[in-house]
Amino acid sequence: MIVPAVPAGRRRLGDRVMTAFTFVAVLIALVPLFSVLIYVILQGASALNWDFFTQLPKPVGETGGGMANAIVGTLTLIGLASCIGLPIGILGGVYLAELGDGPLGAWIRFTADVLNGVPSIVVGVFVYALIVVPMHRFSAFAGGAALGIMMIPLVMRTTEELVRLVPNSLREASLALGIPWWVTTLRIVLRTATVGVITGVVLAIARIGGETAPLLFTAFNNQYWQTRLDQPIASLTVQLYNYAIAPYDDWHRQAWAAALVLMSITLILNIAARLVGRQRFAKARR
Amino acid sequence: MMEAPAAGSLWSRFFESVDRVVPLGDAEVDRIQAIDVHAYFGRTHAVRGVSIGFATNRITAIIGPSGCGKSTFLRTLNRMHELVPGARVEGRLLLDGEDIYASDADPVVIRRRIGMVFQRPNPFPTMSIYDNVAAGLRLNGVRDRRVLDEVVEQSLRHAALWDEVKDVLGRPGAGLSGGQQQRLCIARALAVKPEVLLMDEPASALDPASTLKIEELAKTLRGNLTIVLVTHNMQQAARVSDTTAFMLNGELVESGPTSELFTRPKDRRTEDYITGRFG
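**Concerning the overall build of chain B**
Argument step 1. A tally of regular secondary structure across chain B gives 11 helices and 10 strands.
Argument step 2. The buried share of chain B, reckoned over its 279 residues, is 48%.

**Digging into the domain arrangement of chain A**
Residue and element names in this part refer to chain A.
Argument step 1. For chain A, the assigned domains read domain 1 (8-47) and domain 2 (53-278).
Argument step 2. The C-alpha-based centres of domain 1 and domain 2 are spaced at 31 Å.
Argument step 3. Of the residues in the side of domain 1 that touches domain 2, the class split is four nonpolar, two polar and no charged.

**As for the sheet that holds strand 9 (residues 243-248) of chain B**
Residue and element names in this part refer to chain B.
Argument step 1. Read from one edge of the open sheet, six strands run 6-7-8-3-9-10, paired in mixed fashion. Of all the strands in the sheet, just strand 6 (114-117) and strand 10 (251-257) have a single pairing partner and so form its edges. In this sheet, adjacent strand axes meet at a mean angle of 20 degrees when their direction is disregarded.
Argument step 2. Here strand 9 runs beside strand 10; their pairing, made up of six bridges, is antiparallel. Each residue of the ladder has a partner; that of Leu248, found in strand 10, is Glu251.
Argument step 3. Taken strand by strand, helix 2 (residues 70-77) contacts strand 3 (59-63), strand 6, strand 7 (196-200), strand 8 (226-230) and strand 9, and its axis lies near 150 degrees from that of strand 8.
Argument step 4. Lying on the sheet, helix 8 (residues 208-221) is in contact with strand 3, strand 7 and strand 8; it crosses strand 8 at an angle near 150 degrees.

**Overview of the interface of chain B and chain A**
Argument step 1. Taken together, the contact pairs 29 residues of chain B with 20 residues of chain A.
Argument step 2. Residue assignment for the side of chain B that touches chain A shows that the elements contributing at least two residues are helix 3 (107-113), strand 6, helix 4 (129-138) and helix 7 (178-191) of chain B.
Argument step 3. Counted by class, the side of chain B that touches chain A contains 15 nonpolar, eight polar and six charged residues.

**Thoughts on helix 4 (residues 103-117) of chain A**
Argument step 1. With 15 residues, helix 4 of chain A ought to run about 21 Å at 1.5 Å a step, and its terminal C-alpha atoms sit 21 Å apart, in line with that.
Argument step 2. The element helix 4 of chain A is barely covered by neighbouring structure, given that only one of its 15 residues are classed as buried.

**Comments concerning the sheet that holds strand 5 (residues 98-99) of chain B**
Residues and elements named next belong to chain B.
Argument step 1. On the basis of which strands lie adjacent, the open sheet formed by four strands has the order 2-1-4-5 and antiparallel pairing. Every interior strand has two partners, whereas the edge strands, strand 2 (44-55) and strand 5, have only one.
Argument step 2. Strand direction decides the pairing type here: strand 1 (residues 30-41) and strand 2, joined by eight bridges, are antiparallel. Note on strand 2: the bridge partner recorded for Gln33 is Gly53.
Argument step 3. Against the sheet, helix 2 engages strand 1, strand 2 and strand 4 (87-95), with an angle of about 120 degrees to strand 1.

**Structural notes on the confidence of the model for chain B**
Residues and elements named next belong to chain B.
Argument step 1. Summary statistics for chain B give a mean pLDDT of 89 and a share of 90% for residues scoring 70 or more.
Argument step 2. Confidence drops under pLDDT 50 across residues 1-23; counting only partners more than four residues distant or on other chains, this segment forms 25 contacts.
Argument step 3. Overall fold confidence (pTM) sits at 0.81, and the ipTM for the predicted complex is 0.85.

**Examining the pairing of strand 6 of chain B**
If a strand is regular, its side chains alternate between the two faces of the sheet.
All names here are of chain B.
Argument step 1. Neither face of strand 6 is left uncovered, since the one carrying Ile114 and Met116 and the one carrying Gly115 and Val117 both have all their residues buried.
Argument step 2. Pairing of strand 6 with strand 7 involves four bridges; the strand directions are parallel. In the sheet register, Ile114 faces strand 7, and the bridge partner there is Val196.

**Concerning the packing of helix 4 of chain B against helix 5 (residues 145-158) of chain B**
Residue and element names in this part refer to chain B.
Argument step 1. Interaxial distance between helix 4 and helix 5 falls to 9 Å at its minimum, and their mutual angle equals 120 degrees. For the element pair helix 4 / helix 5, the angle class is oblique. Remark: the crossing between helix 4 and helix 5 carries right-handed chirality. Along the contact surface, helix 4 presents Tyr130, Val133, Ala134, Leu137 and Arg138, while helix 5 presents Leu148, Val151, Val152, Ser155 and Leu156.
Argument step 2. In terms of residue class, the contact of helix 4 with helix 5 is made up of eight nonpolar, one polar and one charged.

**Description of the pairing of strand 9 of chain B**
Residues and elements named next belong to chain B.
Argument step 1. The element strand 9 is largely enclosed, with a buried count of six among its six residues.
Argument step 2. Neither face of strand 9 is exposed, since Thr243, Ala245 and Met247 on one face and Thr244, Phe246 and Leu248 on the opposite face are all buried.
Argument step 3. Where strand 3 and strand 9 come together, four bridges link them in parallel fashion. Residue pairing in the sheet places Ile62 in a bridge with Ala245 of strand 9.
Argument step 4. Here strand 9 hands over to strand 10 after two residues, with Asn249 in that stretch at a positive phi of 50 degrees.

**Considering the packing of helix 6 (residues 140-165) of chain A against helix 8 (residues 181-209) of chain A**
All names here are of chain A.
Argument step 1. Remark: helix 6 packs on helix 8, axes separated minimally by 9 Å, with the N-to-C direction vectors making an angle of 150 degrees. Judged by the angle between their axes, helix 6 and helix 8 are roughly antiparallel. Here helix 6 and helix 8 pass one another in a crossing that is right-handed. Across the interface between the two elements, Leu147, Met150, Met151, Leu154, Val155, Thr158, Thr159, Leu162, Val163 and Leu165 of helix 6 pack against Val189, Leu190, Ala193, Gly196, Val197, Gly200, Val201, Ala204, Arg207 and Ile208 of helix 8.
Argument step 2. For the contact of helix 6 with helix 8, a count of residues per class yields 15 nonpolar, four polar and one charged.

What counts as what
- Residues numbered from 1 in each chain as written.
- Chains lettered and ligands numbered in written order.
- Predicted model: local features only at pLDDT ≥ 70, side-chain atom pairs only at ≥ 80, totals over all residues.
- Helix = DSSP H or I, 4+ residues; strand = E, 2+ residues; numbered from the N terminus.
- Buried ≥ 20, exposed ≤ 12 C-beta atoms within 10 Å, placed from the backbone.
- Domains from an automatic or database assignment.
- Nonpolar A, V, L, I, M, F, W, Y, C, P; charged D, E, K, R; others polar.
- Pairing = 2+ DSSP bridges.
- Axes fitted to C-alpha atoms, helices over the stretch in contact; angles between N-to-C directions.
- Contact = placed C-beta atoms within 7 Å.
- Expected span 1.5 Å × (residues − 1).
- pLDDT = per-residue confidence, 0-100.
- Parallel < 35°, antiparallel > 145°, perpendicular 65-115°, else oblique.
- Left-handed = near helix turned anticlockwise from the far one by under 90°.

Written out as structure tokens, the structure reads:
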């Protein structure tokens, strides 16, 4: 025997100690998470009421009012961002997985990783220079573009990973049926990866939905309803920021409510992502 | 080492049990003609100058030890080999007299004419049984529901799977047993009405009962389909095929009527292989 025998008792003790360590580590990791959750729920729930979802912000000095415009604004911004981020991200991810083994693919992958690590405020400044300055005003458009740019690398790398997981035998099966390559890629390979890709997309949306910095000088903010996309638009995150640093107690209450709503949206998106995963075969025909 | 039994007595028994159920169609012309075909993976020379004809509406088995290039050669027949990065093919492969590697030949069209069944059953996991069979038509633009219904039923009947699945066509194809999945894959390949069916060790991942079903199926299909069957199972080749080709180290050692090749092999290496001295 090459490995010296350790007495069984000592070995078992070692096992238990290590198990205990990992368990404690998990507990420590969960403490801040649950503290945040519970604190936001406690603070936010008391401030949350129907008005928050239906009313516009009240002028300074008046109490009450809500953030209806900011909720709609956040959804609008997410929609605009998805229009940019999803097609580019998904098709780019498919390219990287299927054709990206050359030097070009390596460069795209590297660029995407760098873009993923760029501080979000830098993306905001970039869009400010690119869209806001030429247009001479803040706009929902610019905000959506900033969030969309942030979405691209997230969606692209998730899609790439999931498309790579699709077994090659399915590509071969499809190609051997005389199905053209691009149809195979979209209808068989991407279809097989869809559940995972949707999960990735939902998580990306949850991530950009919570961004504040890139919106500060792109979408700016707005105290009123805004239906035009070339005008400044409110968002929950920027509104939360403004209200939290303001000196009014009522605004602080509303900021907590906004935090709770944001957190709930993220939670709902995550649950939705899981439900999508379960519905894999629900649509099978006949 | 035990003395191997004489080749003659060992194999002749197999042929008595093979009954020819279906009258054979026209076999005067070779449907596929391979002329000095070489296949490479990068610098690896996997197939070295194979010349052979595959008779119309007959089953040709290609046997040989693992790594002899038989699967690679099979994959050159419907231009699947070239999908591997760094892979290339030299030589001429004629399908009904036309070179499938000609510069104006379309691999997509060729693959519709030359179908393929793989070693492991690979139904599309997101699709139902029905959709799996219909995939080849649907993804090539056939939308007519009646046409699809008819082709799906016909293909599943031809693949001897209809009776087992006719009431559960909406269930996922991946939920079937291994043997059923493989017959589903055969039905899927038949649905695009190919002239040739390539089978790459189609039963090697299956249990004996399922293997038997696949073999029976191959024999039935031979009526109007040219089949090339790669197998490392010599008994299977003997049970199923009309012609057998033996490959070794990327070369074609010999080919001939199955009964002759197994009873009176011309080449010493063939005899050594079929009597179990190697491989």
